[in-house]
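Here's the letter readout for the chains.
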Amino acid sequence: MPLDIGDTAPDFALPADGGGTVALKDLRGRKVVLYFYPKDDTSGCTAEACAFRDSSPQIAAAGAVVIGVSKDGVASHDRFKSKYGLPFALLSDGDGTVCEAYGVWVEKSMYGRKYMGIERATFLIDEQGVIRQVWRKVKVPGHVDAVLQAAAAA
């Protein structure tokens, strides 16, 4: 059953770029913009990451922290973050358990070929760990503005 507004966000602890681990429970008391993306350094994922980067001062002013999650490894995240100057954590969900818990590991289709992959999705989690907004099948243009408005209103 997919997660929805009002559900408690599944907790996780994942390896982060630069070493260390980020756990959702450690971010209680802050709003969290948790976004899932398919792959480091691809056109859509880069555009989304750079849009979050460019809006990070406004997102921080709304009391929120941004976290990106994909199945890419920490070394890939380090390169991606450094290349684009991303000011937020990128987490590695190598085995896909967090992607599955959030319902973003889905069947996709390209040129008639079916495969499993990460659906671009964003979750706004409040200070108590409750999901306040969900965006699925995200299209990058305008998405970060919608997230920023929701974070400021939450």
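Residues numbered from 1 in each chain as written. Predicted model: local features only at pLDDT ≥ 70, side-chain atom pairs only at ≥ 80, totals over all residues. Heavy atoms only, no water.

1. Thoughts on the sheet that holds strand β9 (residues 131-135)
Okay, so step 1: On the basis of which strands lie adjacent, the open sheet formed by five strands has the order β5-β4-β3-β8-β9 and mixed pairing. Of all strands in the sheet, those bounded by a partner on one side alone are β5 (89-92) and β9. Averaged over all neighbouring strand pairs, the angle between strand axes comes to 20 degrees, with direction disregarded.
Okay, so step 2: In the sheet, strand β4 (residues 64-70) pairs with β5 via four bridges, with the strands oriented parallel. Bridging across to β5, Val69 finds its partner in Leu91.
Okay, so step 3: The strands touched by helix α3 (residues 74-84) are β4 and β5; relative to β5, the strand with the most contacts, the crossing angle is about 160 degrees. (Pairing = 2+ DSSP bridges. Helix = DSSP H or I, 4+ residues; strand = E, 2+ residues; numbered from the N terminus. Axes fitted to C-alpha atoms, helices over the stretch in contact; angles between N-to-C directions. Contact = heavy atoms within 4.5 Å.)

2. Some details on the side chain of Asp126
Okay, so step 1: With respect to the helices and strands, Asp126 occurs in the loop between β8 (121-125) and β9.
Okay, so step 2: At 2.8 Å, the side chain of Asp126 forms a polar contact with the side chain of Arg132.
Okay, so step 3: What Asp126 contacts, discounting residues up to four positions off in sequence, is Arg30, Lys31 and Arg132. (Polar contact = N/O pair within 3.5 Å; in protein donor to acceptor, adjacent residues only side chain to side chain.)

Read these as geometric descriptors, not functional statements.
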